[in-house]
Structures are given as structure tokens and as C-alpha cells.
Amino acid sequence: ALLGVACFSVRPVLVKLAYAHGIDPTTLLALRLGFAFPFFAAVAAWHALARGNGRVARRDWAWIAILGFVGHYAASWLDMAGLQHVGAGLGRLILFLYPTIVVLLSATFLGKPVGAREVAALASSYCGLALVLLPSGGTGEGDVLRGAALILGGAALYAIYLVGGSQVIARVGAMRFSANANIVS
């Protein structure tokens, strides 16, 4: 888990380095997903061979495709586009608000209760973000508010992926869902 978070946090630094060499978000994302595709295809094939090809409902395949596009492609594209306008640190601060969005979506659509701890965490997260963003007033490195909005949009799409994916995973399994959602992206 620590290695995963560390890699997730280093990614924007690598994206910013790529931008210094003139690459655009779409090309960078295509390279990233193109390199990842064979690994996810291998996992999907291994899972099918090792576990068998249990039937997956068409509705679940449709949700896997939709959530794969939303949660991996669109969310990543918004994040990378936002990094053109904000620094890597601010970008991660904004992106790591996705758990608060998950709490709100889970309460709204899945009926999961929001307790006092969750409310305090939500308030703390967004107050901290406001403290960082308000002094910038849209000036500084590029258009800070535009970049922040793009990254927050990516965080929201990733939260939708997590909440929606939890329902599909319960029916098809985590490995099958993750491998195929990433193949779609």
C-alpha cells in the first residue's frame, strides 16, 4: 500500500517532466495506457485460465466498459490536463480529495451513513484546499483555478469509478473487474 501511494504521488512529477519536453496530455496518457495494456491483458487472460470463464452478465460488461473509461481514461486525462496549470504538490492535494467524494456519493447513492468523523474529515479537507487555492486568485503558475477544477473533476470521476465499481466487483470479482476496466481505458 505504501509503495502504491508513493508511486501514485510520484506520477505528477514525471508528468511535469514530460510537459517540459513538449508532450500533451492525450499523447502522454496514450503512452501510459499503451504500456500498461499488455500487463492488464495478461492478468485478464491468467484470471480466465486459472479461475475459469464464469458468465458475466451483459449489464456488468457494460458497466465495466463505462467505469473503465470514466475512472481510468477520463479521470486520468483531467488530472494530466490540470497538471499543465498547477504544481505537482497542489495537484496531489486536490486529487487526494477523492475519498471525501466517495463518502458523499456512497451516502447519496448507496445509503451509507455519514458520521461525525466523516463530516469533520470532509470539512477539514475542503478548508485546507480553500486555504491553498484562495490566495492564488487564479494567478501564478498558469491558471491555477482552471487546473484545480480539472484535477477536482478527475478526482470526482475516480470517486464515481470507485463507488460504481464496488457494486460491479461484488458480482464479477475484483481481479476480473480491474483488469478489464483498465483494458477498456
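These remarks concern the structure in this document.

Rules of the game
Residues numbered from 1 in each chain as written. Predicted model: local features only at pLDDT ≥ 70, side-chain atom pairs only at ≥ 80, totals over all residues. Heavy atoms only, no water. Helix = DSSP H or I, 4+ residues; strand = E, 2+ residues; numbered from the N terminus. Rg over C-alpha atoms; globule rule 2.2 N^0.38 Å. Buried < 20%, exposed > 50% of the residue type's maximum accessible area, 1.4 Å probe, protein only. Contact = heavy atoms within 4.5 Å. Lys, Arg positive; Asp, Glu negative; His and termini not counted. Charge placed at Lys NZ, Arg CZ, Asp CG, Glu CD. Phe/Tyr/Trp six-rings, centres within 6.5 Å; stacked < 30°, edge-to-face > 60°. 1 Å grid on protein atoms, 1.4 Å probe; cavity = no way out; pocket = protein on both sides within 12 Å on 5 of 7 lines; lining within 4 Å. Points joined across faces, edges and corners; volume = space filled by probe spheres on them. Nonpolar A, V, L, I, M, F, W, Y, C, P; charged D, E, K, R; others polar. Patch = residues over 30% accessible without salt bridge, like charges linked within 9 Å, V, L, I, M, F, W, Y side chains within 5 Å. Areas by Shrake-Rupley, 256 points an atom, 1.4 Å probe, with all protein chains shown as cover. Salt bridge = Lys/Arg side-chain N within 4 Å of Asp/Glu carboxyl O. Expected span 1.5 Å × (residues − 1).

## Side note on the overall build of the protein
Within the protein, the regular secondary structure consists of eight helices and zero strands. The N-to-C order of helical and strand elements in the protein reads α-α-α-α-α-α-α-α. In terms of overall dimensions, the protein is globule-like: its C-alpha atoms have a radius of gyration of 18 Å, near the 16 Å expected for 185 residues. Taking all 185 residues of the protein together, 36% fall into the buried category. Summarising the internal contacts of the protein: among those between residues at least 6 apart in sequence, 85% fall at separations of at least 24. Side-chain charges in the protein split into 13 positive and 6 negative, and the spacing between the mean points of these groups amounts to 14 Å.

## Some thoughts on the packing of aromatic side chains
In this description, a pair of aromatic rings is defined by centroid distance and the angle of the planes. This structure, assessed with the given rule, holds five aromatic pairs. On the basis of an interplanar angle of 35 degrees and a centroid distance of 6.4 Å, the ring pair of Phe 96 and Tyr 98 is categorised as tilted. Overall, Phe 96 belongs to the partly exposed group, its relative accessible area being 32%. For the ring pair Tyr 98 and Tyr 158, a centre distance of 5.0 Å and an interplane angle of 80 degrees mean the geometry is edge-to-face. Here the residue Tyr 98 occupies a position in helix α5 (residues 98–110), and Tyr 158 occupies one in helix α7 (residues 144–172), the gap between them amounting to 60 residues. One aromatic cluster in this structure is built from Phe 96, Tyr 98, Tyr 158, Tyr 161 and Phe 177.

## Some remarks on the layout of surface pockets
Computed from the structure, the largest pocket encloses a volume of approximately 400 Å³. In terms of residue count, helix α2 (residues 25–51) provides more of the lining of the largest pocket than any other element does, six residues in total. Here the lining of the largest pocket is composed, by residue class, of ten nonpolar, six polar and three charged. By volume, the second largest pocket is sized at about 180 Å³. Together, Trp 63, Leu 67, Leu 105, Phe 109, Leu 110, Ile 160, Val 163, Gly 164, Gln 167, Val 168 and Arg 171 line the second largest pocket. The dominant element in the lining of the second largest pocket, judged by the number of residues it contributes, is α7, at six residues. Taken together, the residues of the lining of the second largest pocket sort by class into eight nonpolar, two polar and one charged.

## Some words on a nonpolar patch on the surface
On the surface, Val 10, Val 13, Leu 14 and Leu 17 cluster together to form a nonpolar patch covering roughly 350 Å² of accessible area. Counting through the fold element by element, Leu 14 comes out in helix α1 (residues 2–19). Judged by its relative accessible area of 52%, Leu 14 falls in the exposed class.

## Some points on α5
For α5, which comprises 13 residues, the first-to-last C-alpha distance of 17 Å matches the rise-based estimate of 18 Å (1.5 Å per residue) to within 8%. Within the span of α5, buried status applies to Tyr 98, Thr 100, Ile 101, Val 102, Leu 105 and Ser 106. Buried residues belonging to α5 abut α4 (88–95), α6 (116–133) and α7. Gly 111 occupies a position one or two residues after α5 and carries a positive phi of about 70 degrees.

## A closer look at the pattern of salt bridges
Tallied over the full model, the rule gives three salt bridges. The residue Arg 11 makes a salt bridge to Asp 79 at a minimum N-O spacing of 2.8 Å. With a gap of 68 residues between them, Arg 11 in helix α1 and Asp 79 in helix α3 (residues 58–82) connect regions that are remote in the sequence. For Arg 11, a relative accessible area of 13% puts it in the buried group. A relative accessible area of 1% means that Asp 79 is categorised as buried.

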